[in-house]
Amino acid sequence: MTRIGLGFDSHRFGPGRALVLGGVKVEHSAGLAAHSDGDVVLHALADAIFGAIAAGDIGEHFPDTDPKWAGADSSIFVARALELASEAGYAVGNCDITILAEAPKLGPVKSALACNIAKLLKVPASDVSVKAKTAEGMGPIGQNEGIACYATVLLGK
Ligand code: MG
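How each quantity is defined
- The residue numbering used here restarts from 1 in each chain and proceeds along that chain's sequence as written.
- It should be noted that, the model being predicted, local features are given only for residues of pLDDT at least 70 and side-chain atom pairs only at 80 or more, the latter also being counted only at that level, while totals for whole chains, interfaces and linings use all residues.
- Hydrogens are left out, water is left out, and the side-chain values use all remaining heavy atoms of the structure.
- Water is absent from the atoms considered, so a metal site may look incomplete; donors are defined as N, O and S atoms within 2.8 Å of the metal, or 3.2 Å for Na, K and Ca.
- For helices the rule is a DSSP run of H or I covering at least 4 residues; for strands it is a run of E covering at least 2, with both sets numbered from the N terminus onward.
- Only protein chains enter the accessibility calculation, which uses a 1.4 Å probe. A residue is then buried if its area is under 20% of the maximum for its type, exposed if over 50%, and partly exposed in between.
- Patches here: salt-bridge-free residues with over 30% relative accessible area, like charges joined within 9 Å, nonpolar side chains (Val, Leu, Ile, Met, Phe, Trp, Tyr) joined within 5 Å.
- Under the convention used here, a 1.4 Å probe and the Shrake-Rupley method define accessible areas, while residue burial counts only the protein chains that appear.
- Whenever a carboxyl oxygen of Asp or Glu lies within 4 Å of a side-chain nitrogen of Lys or Arg, that contact is scored as a salt bridge.
- The way it works is a 1 Å grid over only the protein atoms, where trapped points that fit a 1.4 Å probe form a cavity and open points with protein on both sides within 12 Å along at least five of seven lines form a pocket, and then any residue with an atom within 4 Å of a point lines it.
- Grid points are joined across faces, edges and corners, and a volume is the space filled by probe spheres set on the points.
- Asp, Glu, Lys and Arg are counted as charged, while Ala, Val, Leu, Ile, Met, Phe, Trp, Tyr, Cys and Pro are counted as nonpolar; the rest, among them Gly, fall into the polar class.
- Each axis is a line fitted through C-alpha atoms, and for a helix only the stretch in contact is used; angles between axes span 0 to 180 degrees, taken between their N-to-C directions.
- Helix crossings fall into two classes, left-handed where the near helix is turned counterclockwise from the far one by less than a right angle and right-handed where it is turned clockwise.
- Any two residues whose heavy atoms approach within 4.5 Å at even a single point are treated as in contact.
- Take the residue count of a helix, subtract one, and multiply by 1.5 Å to get its expected span.
- Strand pairing requires that DSSP identify at least two bridges connecting the strands.

A. Quick look at the coordination of the magnesium ion. In this structure, Asp-9 (OD), His-11 (NE2) and His-43 (ND1) serve as the protein donors to the magnesium ion, at separations of 2.1 to 2.2 Å. On the primary sequence, the residues serving as donors to the magnesium ion are separated as D-x1-H-x31-H. One end of the pair, His-11, is in strand 1 (residues 2–14); the other, His-43, is in helix 1 (residues 40–52), and 32 residues separate them in sequence. Note on accessibility: His-11 and His-43 belong to one class, buried.

B. Region of interest: a nonpolar patch on the surface. On the surface, a cluster of nonpolar side chains totalling about 320 Å² of accessible area is made up of Leu-6, Phe-8 and Tyr-150. Mapped onto the secondary structure, Phe-8 falls in strand 1.

C. Here's a closer look at the pattern of salt bridges. In total, this model carries 2 salt bridges according to the counting rule given. For the salt bridge of Glu-83 with Arg-80, the shortest nitrogen-to-oxygen distance reads 2.6 Å. Placement of the pair is Glu-83 and Arg-80 together in helix 3 (residues 75–87), with a separation of 3 residues, close to one helical turn. Asp-96 is the partner of Lys-131 in a salt bridge, and the nearest nitrogen-oxygen pair spans 2.7 Å. One end of the pair, Lys-131, is in strand 6 (residues 128–133); the other, Asp-96, is in strand 5 (residues 91–100), with 35 residues separating them in the sequence. Residue class for Lys-131 comes out partly exposed when judged on its relative accessible area of 33%.

D. Highlighting the layout of surface pockets. What the largest pocket holds in volume is close to 230 Å³. The set of elements that each furnish at least two residues to the lining of the largest pocket consists of strand 1, helix 1 and helix 2 (58–61). In the lining of the largest pocket, the residues fall into 7 nonpolar, 5 polar and 3 charged.

E. Broad picture of the packing of helix 1 against helix 4 (residues 110–121). Where helix 1 contacts helix 4, the axes come no closer than 12 Å and their chain directions differ by 40°. For the crossing formed where helix 1 meets helix 4, the hand is right-handed. On helix 4, the residues that touch Val-41, Leu-42, Leu-45 and Ile-49 of helix 1 are Ile-117, Leu-120 and Leu-121. Here the contact of helix 1 with helix 4 is built from residues that sort into 7 nonpolar, no polar and no charged.

F. Region of interest: helix 3. Across its 13 residues, helix 3 extends 18 Å between first and last C-alpha, which sits within 8% of the 18 Å expected from 1.5 Å per residue. Residues Ser-75, Phe-77, Val-78, Ala-81, Leu-82, Leu-84 and Ala-85 constitute the buried set of helix 3. Backbone geometry just downstream of helix 3 places Gly-89 in the positive-phi region, at approximately 90°.

G. How the structure looks around the sheet that holds strand 5. Ordered in space as 4-1-7-5-6, the 5 strands form an open sheet in which the pairing is mixed. Both outer strands of the open sheet, strand 4 (31–32) and strand 6, are each paired with one neighbouring strand and no more. With 11 bridges connecting them, strand 1 and strand 7 (residues 146–156) associate as antiparallel partners. Opposite Asp-9, over in strand 7, you have Cys-149 as the bridge partner. Docked against the sheet, helix 1 engages strand 1, strand 4, strand 5 and strand 7, running at close to 155° with respect to strand 1. Strands in contact with helix 4 are strand 5 and strand 6; relative to strand 6, the strand with the most contacts, it is inclined by about 145°.

Spelled out as structure tokens, the structure:
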């Protein structure tokens, strides 16, 4: 028995913040504005897992109106999603992630992100794919206003 989930997230760049993607600090002139640490990758991933087990979305589980989650390490969100999946009898098979960013260039850090995500998901690194694309200058991502991310995850019983 398998279940598939798709997650999406985007955040705009904001001043005075570290850029955190997939739980890894990435060197850049700006970070992402958000209630939590603004990790679009882990937000998309958590939503993919919640989606696969039809357990709502990250906003329901971790409302951004709750001061408890201010500046939160987003790995908490993924851990909770995994916990619910596990309670439902599912474990992660593999996940595939596409990050959309004009800057910084993510090619050099993709494998570090994949390794950290594999650790968070408790799967071998070979079960995690991280891809990076630009938006070819089109739209808000292309105009370098922020970063977006899609994540798909396959769960198995
Ligand atoms: Mg988010």
